[in-house]
4 protein chains.
Amino acid sequence: MAQYRVLIDANDEKGLVYKVSTVFYEHALNILSNNEFVDKVNSKFFMRSVVDGDINIQILHDALKTILPKTTNIQVIAPKKKNIILMATKEMHALGDILIRHEAGELEANILAVISNYDALESIVNKFNIPFMSISHENLDRAEHEDKIMQYIDSYDNVDYIVLAKYMRILTPRFIEAYENKIINIHHSFLPAFIGANPYKQAYDRGVKIIGATAHFVNNNLDEGPIISQEIIHVNHAYSWKDMQKSGRDVEKIVLSHALKLALEDRIFVYANKSVIF
Amino acid sequence: MAQYRVLIDANDEKGLVYKVSTVFYEHALNILSNNEFVDKVNSKFFMRSVVDGDINIQILHDALKTILPKTTNIQVIAPKKKNIILMATKEMHALGDILIRHEAGELEANILAVISNYDALESIVNKFNIPFMSISHENLDRAEHEDKIMQYIDSYDNVDYIVLAKYMRILTPRFIEAYENKIINIHHSFLPAFIGANPYKQAYDRGVKIIGATAHFVNNNLDEGPIISQEIIHVNHAYSWKDMQKSGRDVEKIVLSHALKLALEDRIFVYANKSVIF
Amino acid sequence: MAQYRVLIDANDEKGLVYKVSTVFYEHALNILSNNEFVDKVNSKFFMRSVVDGDINIQILHDALKTILPKTTNIQVIAPKKKNIILMATKEMHALGDILIRHEAGELEANILAVISNYDALESIVNKFNIPFMSISHENLDRAEHEDKIMQYIDSYDNVDYIVLAKYMRILTPRFIEAYENKIINIHHSFLPAFIGANPYKQAYDRGVKIIGATAHFVNNNLDEGPIISQEIIHVNHAYSWKDMQKSGRDVEKIVLSHALKLALEDRIFVYANKSVIF
Amino acid sequence: MAQYRVLIDANDEKGLVYKVSTVFYEHALNILSNNEFVDKVNSKFFMRSVVDGDINIQILHDALKTILPKTTNIQVIAPKKKNIILMATKEMHALGDILIRHEAGELEANILAVISNYDALESIVNKFNIPFMSISHENLDRAEHEDKIMQYIDSYDNVDYIVLAKYMRILTPRFIEAYENKIINIHHSFLPAFIGANPYKQAYDRGVKIIGATAHFVNNNLDEGPIISQEIIHVNHAYSWKDMQKSGRDVEKIVLSHALKLALEDRIFVYANKSVIF
């Protein structure tokens, strides 16, 4: 008995659920969970099913391909640990939360390596017997620096996700296109607010009563890529901007870990600069 | 073109989604939304679909009945305003919120009447041109009092839900059985905590940092019926128990209105003293 | 025995708490609650005390004035209902919540009148025996329209707060200056995000996972005035922008009512385009 | 210039704030923050001030002692890292979160040791160069087991707090009394709900829509000690009890770390089985 996650997205038309469930039925698969969503505005259909049964992955994929419209995207995924690379700069909270969850066996992931443009996090990464790769940006222009990073990333086969756990450098379009819909970032505020330098200082100056964080895929809209997860924490006038930053860190790590979990469980569809999450 | 909500619950077996979607497909229905859930522990299948198409309600119902197992519960519902009766005692917050939402056209409901065992709320109910029925419990034993209430309720045809908007009398099993899965209550705390008299005083004495409220169907487990919705609000040591009560009222009205909305939209399945909410 | 709220804000210097508490002690006042905050960045001191005792309000005020630095702002307030005027356009949710709370005796306020630029809300306001003043903006330029509103407002003595319960017209600087720190607005999104037309449509297009609302004082920064209260609600991809708007309404009414309550209880200091809330 | 946290609790009477602020004023101290609370029900006064100035800690303490009533509890604390011992059983999430925060320099604490009744967590603790002490309960009665633990704890001088980071053994009154108001526990549910074995299974069976966690001091009321912090997370019918447990772990670790932070910053007063938190 094998278990598969079946992800389908298509232009909406009648009969898609019927066709997919026909395949499941004819192959005697159990449906363990099933989610569909139709975006009427964009005429898009999304479906995620978890099934089990006595069937080969290729046969299931082919059966779906045969019955569904040609332009349909079909993914049949046998659950297994995904390969991820973490990138960080100097702050430990988001990275540390992922390292501990990984150590505790909470994540369906192998952490291949941690890349940083500083050495500050080497000690914590080493504790977990994970390769730490320091790639300083000093004396390099942005393209040269990214070349080195990309070369290192590409030395691994099958990198499923690159997680920016407070990596504080702006990525170029070339980098982003190379890993489309694979880069997950945590944004240190509630998008679309307080973009730019020192967002907590901005939030403090503005006297906000809530601090937020946003996890999103990185695309060429930069911090405006498809949102995966958002959360907030209440603050008040007694918080200095450093206090807001500390509280913000707690939200950031929770939101990033949550977004990563959703990605590892193949729960996210991306389209039209948005996400559908089942 | 008609729109229907199709609600199906059944003992789980292979092919249920296939069979339902076959019916939708063969009758050329559009699926506007679709949710399924399988409770593996209890081997129960739940499905709620919103469809539109050119089909008579009876034909759709019969088509589903023909293809699905005999023990399946099938509801095909044409969306329309449901008939509700509100019951309250003296507090205005939960009742008032429903009255205003009704007036604003936010609720898919006709409020047939408000029943109270006191007169305190007559003035507010009258403002909205809704019948107010005062049925005092004085000098009556519980059965006699409920007889009068039931007689009044039963003078209306087709009462879909009875909403206890802070009705502070315990109902007897006879009453509850007469309106099974039709009575929605708001419980003034976070179930299963602080059952009994003056829960806010109990919460205060206990020094809680959070106040909650729970909306649930009333069954013979009384305050232990299937939970529909829960929400909380943060409090602290500076709250007196009256302050906690005031804050609690805000949560209560939000949770009750939310639960009512879910019921009116036919989003709730009840089984095994629990709810599935789509 | 009288009860007073004492509000003091001053440039920070040593001894302010000592001086205030000396006055309280020498006049044998009980301190029922006491909050202080020092903004080190702006060198500002804020203090709110609730005291009771056998003392005349003027004597207490004078005693504080004598001992405190000249530039100190001193307010000694005997708690009583404040006079408020509500302004709205067509939507009922925020207005209705305040009307019901007022009717339930939850607010320390007299609602003098409701002003609207349409007639849509006349019926609901009339139910509560509150004057409804329709002042259409049709065929008037902005100044002429506001003249009429200001004339009507100024026909009342002692208007403490003007509450914009979804009043959808932009106010001119002249209007805002006339009622400085007296105008409370509810902003239909999470400031500083999604300013402009149809913020829920913007939020939908952006695929946000959280909808927020912000209550703030209106000053010449318009929607950027001092924030009083903020709250959020979680949404997901299945929400249309109209669904987001509906959910947003629930947050809006809660946040606005909360902000109004804080104002009525004299809990807010405004400075540097921010608020201190005790 | 030294900075002190001054914590005062006393039977309420007039003039306490005056007396304390007199001391601060006469010694030319700056008040950096100041909180007071009077519990009218229990006639108790609480005050926490952070001050700086050119004064010896003993002189400040003596000055306060001289002026305040004899029964007053006065603490003058020079901020420094507190010594804590962690106790855990097999689960890594709560312990891991504290270890990472400690490593990141977020905690005002030295972790002296981790004690466990199993070896499961030895590897993670060793990574952080913190002594791991395995004290198995096998073949020991409860008293014997605790003797060994107490002996180990008492081998350290000045243990400020003992943090039960998912330590799954019930403590005896003798142990609890030995470390009164020093033991912080995280309770795996929303007190006072779901006490007993497998609370997440209980919550699942009950169909709850919210999962909570409670951090509290341990006293002879066991899980009913003074609450420090509570938080919740929303769940739904699609969560198995193991899913609820996973979500619960996230809340547990956040709440415990938050409670520990409050303790380390000397923000908690305990009385009447409750807490006042500034």
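Small disclaimer: the values here were computed from a predicted structure and weren't measured.

## Brief notes about the interface of chain C and chain B
Next, step 1: Taken together, the 17 residues of chain C in the interface contact 17 residues of chain B.
Next, step 2: Contact between chain C and chain B buries roughly 1500 Å² in total, counting both sides, with carbon and sulfur atoms accounting for 61%.
Next, step 3: It is Met92(C), Ile100(C) and Lys127(C) in chain C that bury the most area against chain B; as a group they hold 34% of the surface buried on that side.
Next, step 4: Inspection of the chain C/chain B interface yields six salt bridges.
Next, step 5: Our count for the contact surface shared by chain C and chain B stands at five residue pairs in polar contact (both at pLDDT 80 or more).
Next, step 6: Of all the secondary structure elements, the ones that give two or more residues to the side of chain C that touches chain B are helix H3 (93-103), helix H4 (122-127) and helix H8 (241-264) of chain C.
Next, step 7: Looking at which element gives the most residues to the side of chain C that touches chain B, the answer is H3(C), with six residues.
Next, step 8: Across the side of chain C that touches chain B, the residue classes tally to six nonpolar, four polar and seven charged.

## With respect to the relation of the copies chain C and chain B
Next, step 1: Placing chain C over chain B gives an RMSD of 0.0 Å and needs a rotation angle of 180°, together with 0.0 Å of translation along the axis. In the structure described here, the two chain copies are related by an operation that fits a two-fold rotation axis. Every residue of chain C has its C-alpha some distance from the rotation axis, and the shortest such distance is that of Lys127(C), at 2.6 Å.
Next, step 2: A high fraction, 100%, of the interface residues of chain C reappear at the interface in chain B, so the copies pair face to face through one surface.

## Considering the domain arrangement of chain A
All names here are of chain A.
Next, step 1: You can read the domains of chain A as domain 1 (2-77) and domain 2 (82-277).
Next, step 2: For domain 1 and domain 2, the distance between their C-alpha centres works out to 31 Å.
Next, step 3: On the side of domain 2, ten residues touch domain 1, which itself brings twelve residues to the contact.
Next, step 4: For the pair domain 1 and domain 2, the summed buried surface comes to about 920 Å²; carbon and sulfur atoms form 60% of the total.
Next, step 5: By the criterion of area lost to domain 2, the three top residues of domain 1 are Arg 5, Phe 46 and Arg 48, representing 53% of everything that side buries.
Next, step 6: Joining domain 1 to domain 2, the criterion identifies two salt bridges.

## Here we look at the interface of chain C and chain A
Next, step 1: Contact residues are listed per partner, giving 33 residues for chain C and 33 residues for chain A.
Next, step 2: Between chain C and chain A, roughly 2700 Å² of surface is buried when both sides are summed, and carbon and sulfur atoms account for 58% of that area.
Next, step 3: Taken as a group, Arg206(C), Lys209(C) and His237(C) account for 27% of the area that chain C buries against chain A, more than any other trio of residues on that side.
Next, step 4: Scanning the region where chain C abuts chain A turns up zero salt bridges.
Next, step 5: Scanning the region where chain C abuts chain A turns up 14 residue pairs in polar contact (both at pLDDT 80 or more).
Next, step 6: When contributions to the side of chain C that touches chain A are tallied by element, the ones reaching two or more residues are strand E2 (30-39), helix H7 (199-206), strand E11 (227-234) and strand E13 (274-277) of chain C.
Next, step 7: Here the element with the most residues in the side of chain C that touches chain A is E11(C); it accounts for seven residues.

## Quick notes on the packing of helix H3 (residues 93-103) of chain A against helix H8 (residues 241-264) of chain A
All names here are of chain A.
Next, step 1: Viewed as axis vectors pointing N to C, H3 and H8 meet at an angle of 45°, and their least axial separation amounts to 8 Å. Judged by the angle between their axes, H3 and H8 are oblique. Both H3 and H8 take part in a crossing whose hand is right-handed. Two secondary-structure elements touch here, H3 through His 93, Ala 94, Asp 97, Ile 98 and Arg 101 and H8 through Arg 249, Glu 252, Lys 253, Leu 256, Ser 257 and Leu 260.
Next, step 2: The class makeup of the residues in the contact of H3 with H8 is four nonpolar, two polar and five charged.

What counts as what
- Sequence order as written defines residue numbering, which begins from 1 separately in each chain.
- Naming scheme: in the order in which they are written, chains are lettered from A and ligands are numbered from 1.
- It should be noted that, the model being predicted, local features are given only for residues of pLDDT at least 70 and side-chain atom pairs only at 80 or more, the latter also being counted only at that level, while totals for whole chains, interfaces and linings use all residues.
- To get the side-chain values, all heavy atoms of the structure are used, and hydrogens and water are removed first.
- In this description, contact between two residues means that some pair of their heavy atoms is separated by no more than 4.5 Å.
- When two components associate, each loses some accessible surface as probed by a 1.4 Å sphere; the sum of these losses over both components is called the buried area.
- We count a salt bridge whenever a side-chain nitrogen from Lys or Arg sits within 4 Å of a carboxyl oxygen from Asp or Glu.
- Polar contacts here mean pairs of N or O atoms no more than 3.5 Å apart (in protein, one a potential hydrogen donor and the other a potential acceptor; neighbouring residues in sequence count only if both atoms are side-chain atoms).
- By definition, any uninterrupted DSSP run of H or I lasting at least four residues is a helix, any uninterrupted run of E lasting at least two residues is a strand, and each is numbered from the N terminus.
- For this scheme, ten residues count as nonpolar: Ala, Val, Leu, Ile, Met, Phe, Trp, Tyr, Cys and Pro. Four count as charged, namely Asp, Glu, Lys and Arg, and the remainder, Gly too, count as polar.
- In superposing the copies, a least-squares fit is computed on C-alpha atoms, taking residues whose pLDDT is at least 70 in both.
- How far each domain reaches was decided by an automatic or database domain assignment.
- The angle between two axes is taken between their N-to-C directions and runs from 0 to 180 degrees, where each axis is a line fitted to C-alpha atoms and a helix contributes only its stretch in contact.
- Should an angle lie under 35 degrees it is considered roughly parallel, over 145 roughly antiparallel, and from 65 to 115 roughly perpendicular; all remaining angles are considered oblique.
- The handedness criterion is simple: a crossing whose near helix is rotated anticlockwise from the far helix by less than a right angle is left-handed, and one whose near helix is rotated clockwise is right-handed.

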